[in-house]
Amino acid sequence: MGNGDFVYPSSSDRQCATHRVAIPPPQPFFMSFKNTLKETFFPDDPLRQFKNKTPSRRFILGLQYFLPILEWAPRYSFQFLKSDLVAGITIASLAIPQGISYAKLANLPPILGLYSSFIPPLVYAMMGSSRDLAVGTVAVASLLTASMLGQEVNAAQNPTLFLHLAFTATFFAGILQASLGLLRLGFIVDFLSHATIVGFMAGAATVVILQQLKGILGLDHFTHSTDIISVFRSVFSQIHQWRWESGVLGVGFLFFLLVTRYFSKRRPKFFWISAMAPLTSVILGSLLVYLTHAEKHGVQVIGNLKKGLNPLSFGDLVFTKPYITTCLKTGIITGIIALAEGIAVGRSFAMFKHYHIDGNKEMVAIGTMNIVGSCFSCYLTTGPFSRSAVNFNAGCKTAMSNVIMAIAVMLTLLFLTPLFYYTPIVVLSAIIISAMLGLIDYEAAIHLWNVDKFDFLVCIGAYIGVVFASVEVGLVIAVAISVVRLLLFVARPRTSVLGNIPDSTIYRNVEQYPNANHVHGVLILEIDAPIYFANSSYLRERISRWIDEEEDKLKATGKTSLQYVILDMTAVGNIDTSGISMLEELKKTTERRELKLVLANPGAEVMKKLNKSKFLENIGQEWIYLTVGEAVEACNYKLHTCKPEESQPWNNV
C-alpha cells in the first residue's frame, strides 16, 4: 500500500490474494537430528567430493584430504620450484635469527629455535592446505611458555626440567589442536574475535618489547613477571648496572631494522631487504663483537650452539604430578592462541590469492606438526604473520617453500652453528622488538573505535589486561568481554517499529526511514533475533512497553485507538518453549487490552513448533500472514468493515 487511496477488496478477492503461511511437513526425529549435526559440524560438506566415486578413487581422495601434498605434488613444475626456492631461502634468512631470538624469549636454549624451524615445516608441507603459511616459532607463544611454565619451574635453576615441560606443553597443545580439527570443533576458535586478537596481540607485543630491555641494557638479573609495573621496577632499580655499550649497539641495530622495514613497505619490490635485515644484523653484530672483543666489555653473546640435527625427546615428556597440570594449562592456552594466529594468517593470504583453505584441516596439520615436533626437541610452532608475509611477497607457489626453508635450517644445524658463538644477545633483542612493533596495530584500534565502541572496549580490555596483569589475565578478560557481548546480543535482541514506505507495500524501521508512515490503529513491531529462554522475558516486557508508548501517543494526538499489534517474525529463525510461552502470554495480554495479536512471516522452524504446541489453534490460522503488507491489509479491511464511521483516517495509509 502506498499513500494513494486505499481500495478495499471484496472478501472473496481478499481470500484469493492472501497467501497462507505453510507448516513444514513433519520430519523424522533422526533425520532432523542428522541435519542439525551436519550444519553444526560439517557446514562445508567435506564428504561431497566422495559422492559417486569408485572405492579406489575414494581412497585416493581420502589420502589427498589428509595429505594435500599428494594433490599438488604430481602437478609440480620447474617454474614453481624456482619461485619456491627464492621464497624458501628468503624466509630461512628470517627464520634462523628469529628462531634463536624467540627461543631465548621462551627461556629455552637458542638451538631449540632452529630445531623448531626444521621438523614442523616438513610436517606442515605434507598436511597443510595453505600455500603461503611459513611455519615457525612465534613471540607470543614463546612469552606464554616462559611465563606460565616459569610459575612452576625456574628456568635458570632447573633448565633441564623446564625444557622437558616445554616439550610436554607442546605435545598437549598439538593434541588439542588436532582434536579440534578431527572433531570439527573449529568454531571454538571463533570466540576469539578480531577485536580480541588485535588487543591481545598488541598487549603481548608491548610486554615482549619491555622484556627485551634486559638484553638492550645488558642486565644479568630481571623480573620473571610480565606486567609493566614489575618490568619498570626491575629496570629502574638496576640503573647502576646498565651497560652503555650494549645499549648503543641495541639502539643502532634496532634503527637499522626499522629503516629497512620502512623502506620495504614503501617499495614492496624490495621486500627482501627487510627479510634479510635480521640475518644481516646477526652477521654484522657477530663480526663486530669478534673484532672488538666486546664480549669482554659487557656485551653478552649466545655462546656455543650444539651442532647436529634434532635429538629425540619423546622420552623427556613429563606426565607426572604436579607438573602435568601446568603443562596441560600451558598447552591449552598457547595451543588456542597459536591456532587463532595460524588460521587467521592462512585465510588472509588465501583471500589475496583467491583460493580456499579448510580451517579444520589446518588444525589437524598444525596439531600434528606440534605433536611430532614435541618428540623431536621442538617447542610450539604455528604460522607467524611476519614470516608468512615474507613468504607471500617472495612469490611462493606451494608449501614447498617450507621444505626449502627446513633444508636451509638443516644445513645450518649441521655446519654453521659454530658461527653464531659471537652473536650478541642485544641484536636478538633488537630483532624481537622490530618484529613486535609490527603487531601493535593502532590503525585497527582506531577503526574499531570509529565502527563499534564495544569492540574497541574488548580490544582495550585485552590490551590493559595483558600489559598491567599478565598475558593469561588479558586473554581471559578479552574472552569474557566478548562472551558478555554475545550474551547481550542473545538476551537483548533489537525490536523496532515499522512504517510504510510511501507509494509501496514495503515496511521498514521508522528510525532508519523517517519518511515511513505509521499505520493508524496498527502497531507493527519487528523482532530481529531468535526467541529463546534467555530473551523471552525481555521481549514480552519490551513489546508491552511499545504498546504502552503507542497508545499514549495516540491518546495525546486524539487519533484512532490502537486495535492491532503485528509482529514481523522474518528474522526469528527459531523459537523454544519459553518463547512460545511468551507468545501465549502476550496474546492474553493483548486480549485483555482489547487488542488483536497478528503474526507476519514466521519461518519454517517457528511454524513447526507453533503448530506442535497448539499455538496456531489458539491464535487462529487467519491471524498469521505471509508478509507484513498482507497483515496490514487484512487489519485495515477488518477495521473498515467493522467500524465504518472510523474508516476515513486509513484512506491515506
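All of these numbers come straight from a predicted model, not from anything done at the bench. (Residues numbered from 1 in each chain as written. Predicted model: local features only at pLDDT ≥ 70, side-chain atom pairs only at ≥ 80, totals over all residues. Heavy atoms only, no water.)

On to the overall build of the protein chain, then. In terms of regular secondary structure, the protein chain is built from 27 helices and six strands. Across its three principal axes, the protein chain shows a C-alpha extent of roughly 105 × 65 × 55 Å. Residues counted as buried form 52% of the 653 residues belonging to the protein chain. A total accessible area of about 30,700 Å² is found for the protein chain, and carbon and sulfur atoms account for 63% of it. Taking the average place of the 54 positive charges on the side chains of the protein chain and the average place of its 46 negative ones, the gap between the two points comes to 9 Å. (Helix = DSSP H or I, 4+ residues; strand = E, 2+ residues; numbered from the N terminus. Buried < 20%, exposed > 50% of the residue type's maximum accessible area, 1.4 Å probe, protein only. Areas by Shrake-Rupley, 256 points an atom, 1.4 Å probe, with all protein chains shown as cover. Lys, Arg positive; Asp, Glu negative; His and termini not counted. Charge placed at Lys NZ, Arg CZ, Asp CG, Glu CD.)

Reading across from one edge, 2-1-3-4-5-6 is the order of the six strands in this open sheet, with mixed pairing throughout. In this open sheet, the two strands that pair with only one neighbour each are strand 2 (507-509) and strand 6 (624-625). Relative to strand 4 (residues 564-568), strand 3 (residues 522-527) is paired through five bridges, and the arrangement is parallel. Bridge assignment links Glu-526 to a residue of strand 4, and that residue is Asp-568. This element, helix 23 (residues 536-557), spans strand 1 (495-500), strand 3 and strand 4 of the sheet and lies at about 150 degrees to strand 3. (Pairing = 2+ DSSP bridges. Contact = heavy atoms within 4.5 Å. Axes fitted to C-alpha atoms, helices over the stretch in contact; angles between N-to-C directions.)

Moving on to the domain arrangement of the protein chain. According to the domain assignment, the protein chain contains domain 1 (12-25 + 493-647) and domain 2 (71-486). Spacing between the C-alpha centres of domain 1 and domain 2 amounts to 56 Å. (Domains from an automatic or database assignment.)

A word on the nonpolar core. Counting 101 residues, the largest nonpolar core has Ile-100, Leu-108, Leu-112, Leu-144, Phe-200 and Met-436 as the members making the most contacts within it. Setting aside chain neighbours within four positions, we find Leu-144 in contact with Leu-149, Phe-200, Ile-333, Thr-334, Ile-337, Val-471 and Glu-472. (Core = buried A, V, L, I, M, F, W, Y, C linked by side-chain atoms within 4.5 Å.)

Another aspect to go through is the environment of Phe-319. On the secondary structure map, Phe-319 appears in the loop between helix 14 (271-292) and helix 15 (323-353). Of the residues examined, Phe-319 reaches a relative accessible area of 42% and is grouped as partly exposed. Separated by 154 residues in sequence, Phe-319 and Leu-165 place their C-alpha atoms 9.2 Å apart. Apart from the residues lying within four places of it in its own chain, the contact partners of Phe-319 are Thr-168, Phe-171, Phe-172 and Ile-324.

Moving on to the pairing of strand 5 (residues 596-600). Burial of strand 5 is extensive: four of the five residues sit out of reach of the surface. Of the strand pairs in this sheet, strand 4 and strand 5 are connected by five bridges, and their pairing is parallel. Across the sheet, Val-565 pairs through a bridge with Leu-597, a residue of strand 5. A crossover connection joins strand 4 to the parallel strand 5 through helix 24 (residues 577-592); in handedness this β-α-β unit is right-handed. Sheet topology places strand 5 next to strand 6; two bridges connect them, and they run parallel. Looking at the pairing, Ala-600 lines up with Tyr-625 of strand 6. (Right-handed = clockwise from strand over helix to strand, strands pointing away.)

Turning to the packing of aromatic side chains, a few remarks are in order. For the structure shown, the criterion picks out 18 aromatic pairs. With a centroid separation of 5.2 Å and 85 degrees between ring planes, the pair formed by Tyr-65 and Phe-66 is classed as edge-to-face. Overall, Tyr-65 belongs to the buried group, its relative accessible area being 16%. According to the relative accessible area criterion, Phe-66 is partly exposed, its value standing at 45%. Taking 5.1 Å as the distance between ring centres and 75 degrees as the angle between the ring planes, the aromatic pair formed by Trp-449 and Phe-456 counts as edge-to-face. On the basis of relative accessibility, which here comes to 22%, the residue Phe-456 falls in the partly exposed class. These aromatic residues form a ring-pair network of at least three members: Phe-349, Phe-352, Phe-385 and Phe-392. Here the basic side chain of Lys-453 rests over the ring of Trp-449, its NZ or CZ set 4.7 Å away from the ring centre. Arg-542 extends its terminal NZ or CZ atom over the ring of Trp-546, reaching a point 4.0 Å from the ring centre. (Phe/Tyr/Trp six-rings, centres within 6.5 Å; stacked < 30°, edge-to-face > 60°. Lys NZ or Arg CZ within 6 Å of the ring centre and 35° of its normal.)

Together, Phe-187, Ile-188, Phe-191, Val-483, Leu-486, Leu-487, Phe-489 and Val-490 give the surface a local cluster of nonpolar side chains, amounting to about 680 Å² of exposed area. Mapping Leu-487 onto the fold places it in helix 22 (residues 471-491). (Patch = residues over 30% accessible without salt bridge, like charges linked within 9 Å, V, L, I, M, F, W, Y side chains within 5 Å. Salt bridge = Lys/Arg side-chain N within 4 Å of Asp/Glu carboxyl O.)

Before going further, it helps to spend a moment on helix 24. Taking 1.5 Å of rise per residue, the 16 residues of helix 24 would be expected to cover 22 Å, and the 23 Å separating its terminal C-alpha atoms lies within 8% of that figure. Buried within helix 24 we find Gly-579, Ile-580, Met-582, Leu-583, Leu-586, Lys-587, Thr-589 and Thr-590. Against helix 23, strand 4, strand 5, helix 25 (604-612) and helix 26 (615-619) lie the buried residues of helix 24. Sitting at the amino-terminal end of helix 24 is Asp-576, which places a side-chain oxygen 3.2 Å from the backbone nitrogen of Ser-578. Directly after helix 24, the chain includes Glu-594, whose backbone phi takes a positive value near 60 degrees. (Expected span 1.5 Å × (residues − 1). Polar contact = N/O pair within 3.5 Å; in protein donor to acceptor, adjacent residues only side chain to side chain.)

Side chains on a regular strand alternate between the two faces of the sheet. Burial runs high along strand 4: five of the five residues are buried. By the alternation rule, side chains of strand 4 split into Tyr-564, Ile-566 and Asp-568 and Val-565 and Leu-567, which are all buried.

So, about unusual backbone geometry. In the segment running from Lys-321 into Pro-322, the intervening peptide bond is cis, with an omega of 0 degrees. Phi angles above zero are rare outside glycine, and Glu-594 is one such case at about 60 degrees. In this structure, Glu-594 sits in the loop between helix 24 and strand 5. With a relative accessible area of 68%, Glu-594 lands in the exposed category. Located in the positive-phi region is Asn-601, a residue other than glycine, with phi close to 55 degrees. Tracing the backbone through its elements, the reader meets Asn-601 in the loop between strand 5 and helix 25.

Predicted confidence across the protein chain gives a mean pLDDT of 87, with 94% of residues reaching 70 or more. Per-element confidence in the protein chain is highest for helix 7 (residues 119-127), whose mean pLDDT is 96, and lowest for helix 1 (residues 11-17), whose mean pLDDT is 45. With pLDDT under 50 throughout, residues 1-17 is counted as low confidence; its partners more than four residues away or in other chains account for 42 contacts. Segment residues 643-653: pLDDT under 50, and 31 contacts once partners within four positions in sequence are set aside and those in other chains are kept. (pLDDT = per-residue confidence, 0-100.)

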